[in-house]
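Residue-level structural notes
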Amino acid sequence: MTTTQSTSVPTAAPSAPAVGHRIQNAVIKYGFIFVTVTLFAYFAISEPSFRDSATLLDTLRYVSVAAVLGLGVTLTMAVGGMDMSVGAVAGLGVTVAAKTMVTYNQVGTVAILAVVAAGALAGLLNALLIVVLKIPDVLATLGTMFVIQGTKLILVDGQSITPGMTQSDGTTAPGRFTEGFLRIDRGTFLGVPGSVLIFGSLTVVAWVFLARTRWGRVLYAIGANPEASRLAGIRVGAYRALAYVLSGVLASIGGLILASRIGQGDVSAGTSQLLEAVAVALVGTSVLGRGRPNVWGTALGAVLIGIITTGLTIEGLPYYTQDVVEGAVLILALVFSFTLSKRRTV
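In short, a report on the structure. Position numbers for residues start from 1 in each chain and track the written sequence from start to end. Given that this is a predicted model, residues contribute local features only at a pLDDT of at least 70 and side-chain atom pairs are listed and counted only at 80 or more, while totals for whole chains, interfaces and linings are drawn from all residues. Values shown for side chains rest on all heavy atoms present in the structure; no hydrogens or waters enter the calculation.

When helices and strands are tallied, the chain shows 13 helices and two strands. Only protein chains enter the accessibility calculation, which uses a 1.4 Å probe; a residue is then buried when its area is under 20% of its type maximum, exposed when over 50%, and partly exposed in between. Within the span of the chain, comprising 346 residues, buried residues form 47% of the whole. Of the contacts formed within the chain by residues at least 6 apart in sequence, a portion of 75% connects residues at least 24 apart. What sets the accessible areas is the Shrake-Rupley method with a 1.4 Å probe; for residues, cover comes only from the shown protein chains. Counting only carbon and sulfur atoms, one obtains 66% of the accessible surface of the chain, whose full area is about 17,000 Å². Runs of H or I in DSSP of at least four residues are treated as helices and runs of E of at least two as strands, each being numbered from the N terminus. Residue contacts are defined here by distance: any two heavy atoms, one from each residue, within 4.5 Å place the two residues in contact.

Further remarks concern the side chain of Thr95. As for its position among the elements, Thr95 is in helix α3 (residues 86–103). Here Thr95 falls in the buried class, since its relative accessible area comes to 1%. Once residues lying within four places of it in the same chain are set aside, the contact partners of Thr95 are Lys152, Val156 and Ile161.

With 19 residues, helix α7 (residues 194–212) should cover 27 Å at 1.5 Å per step; its first-to-last C-alpha distance of 26 Å lies within 8% of that length. Taken together, the buried positions of α7 are occupied by Gly194, Ser195, Val196, Phe199, Leu202, Thr203, Ala206, Phe209 and Leu210. The length a helix should cover is 1.5 Å for every residue beyond the first.

Criterion for a salt bridge: a side-chain nitrogen of Lys or Arg within 4 Å of a carboxyl oxygen of Asp or Glu. Applying the stated rule across the entire model yields four salt bridges. Look at the salt bridges and you will find they share partners, linking Arg61, Asp185 and Arg261 into a network.

Here the focus is the side chain of Glu47. Its location among the elements puts Glu47 in the loop between α1 (19–46) and α2 (53–78). Positive residues here are Lys and Arg, negative ones are Asp and Glu, while His and the chain termini are left out of the count. An unpaired buried charge is present at Glu47: no salt bridge exists, and Arg51, the closest side chain of opposite charge, is 8.7 Å distant. Residues in contact with Glu47, not counting those within four places in the same chain, are Ile314 and Glu315.

In these notes, a set of buried Ala, Val, Leu, Ile, Met, Phe, Trp, Tyr and Cys residues joined through side-chain atoms within 4.5 Å is what counts as a nonpolar core. Membership of the largest hydrophobic core comes to 63 residues, with the highest contact counts inside it found for Phe177, Phe181 and Leu210. The dominant element in this core, judged by the number of residues it contributes, is α3, at eleven residues. Setting aside its immediate chain neighbours within four residues, Leu210 contacts Thr74, Leu75, Ala78, Gly216, Arg217, Leu219, Tyr220 and Val295. Counting residues in each nonpolar core, the second largest holds ten residues, with Phe43, Leu304, Ile307 and Leu312 among its members.

Turning our eyes to something else, we now look at helix α10 (residues 236–262). With 27 residues, α10 should cover 39 Å at 1.5 Å per step; its first-to-last C-alpha distance of 39 Å lies within 8% of that length. Gly263 lies just past α10 and shows a positive phi near 70°.

A few words now on unusual backbone geometry. Glycine aside, residues mostly have negative phi, and peptide bonds are mostly found in the trans state. The residue Asn105 is not glycine, and still its phi comes out positive at about 60°. Tracing the chain through its elements places Asn105 in the loop between α3 and α4 (108–132). Taking relative accessible area as the criterion, Asn105 reaches 48% and is therefore assigned partly exposed. Even without being a glycine, Leu190 presents a positive backbone phi close to 55°. Assignment of secondary structure puts Leu190 in the loop between β1 (188–189) and β2 (192–193). In this structure Leu190 comes out as exposed when scored by relative accessible area, which is 78%.

Our next topic: the environment of Leu317. For Leu317, the location among the structural elements is in the loop between α12 (295–314) and α13 (319–340). Judged by relative accessible area, Leu317 falls into the partly exposed class, the value being 34%.

Let's shift gears to the packing of aromatic side chains. Any two of the Phe, Tyr and Trp rings considered here, Trp counted by its six-membered ring, make a pair once their centres fall within 6.5 Å; the pair's planes then place it as stacked at under 30 degrees, edge-to-face at over 60, or tilted in between. The full count for this structure, using the stated rule, is five aromatic pairs. Ring geometry for Phe43 versus Phe50: centroids 5.7 Å apart, planes at 40°, classification tilted. For the pair formed by Phe43 and Phe50, the shared burial category is buried. Consider the rings of Trp207 and Trp296, whose centres lie 6.0 Å apart with planes at 50°: the pair is tilted. Linking Trp207 in helix α7 with Trp296 in helix α12, this pair joins segments that are 89 residues apart in sequence.

Here is the structure:
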């Protein structure tokens, strides 16, 4: 009888990730959140007025327009595009609101419907150029931006609309901004400005749409690989059109907030909002190291821009230095998203 003696070879335990790799992964995932918290803590410690609840609410109120526009940009980035017309659409919303209430003497509800309809039409124009005529997203929306800016000036003969103004035909404008409409930004609910509530509500709605519905998952799938999505039976063109229409609607809501804030049809309104909207959406891609557009990242990007602007203003720095700091923050976010994330180890 022969006995066979088995020998077991000890299995080497898996080696733990190097400390450097773990630190790098942590920086990629939490770095931007750390930057936001650090800047907030710095300004809160160095400037006592920064800690006031009124200052914090004013900060959120200030960034609400850029944040809402940034949500629209996030939706178009999800399908692999970019909407460069959001600032012009917001400015168009200001003009349409003023024209409706001041020139045509209509109530605020009519103005709101007219502004949202104008935003949806702008989104449809973008969808037509991109989906049907196959023009690249950035070029198409840049063209739309210039068309909308010119149309806005034509509608008002190149002048801002203010209550009681003398119109081109010599008559006095009969209407004004209604009190209800002005409460969109100037009113409060339980001490919270209306524009902040709109910003928060739309952020939640956009997050549910993108992260918790089939439509949102399809948008991300199209952004990742449109050809594979098409072969899977997804109507890629229809979903891309949906993203741009929703972006136009969100931009028009940002225009409503802006119109309520300034209380007149300023022809230059919305011009500066494009860069901030794109910035907060791009900053958002670096949050939690996801490297893709996401709603909460966009919201955090808006809050970060607000912290920087408010903090530097309280410290008395000239406005032109703020652009430098905001640009540096954007570059840092892009480094997190596109440089460090490619070297991430698991």
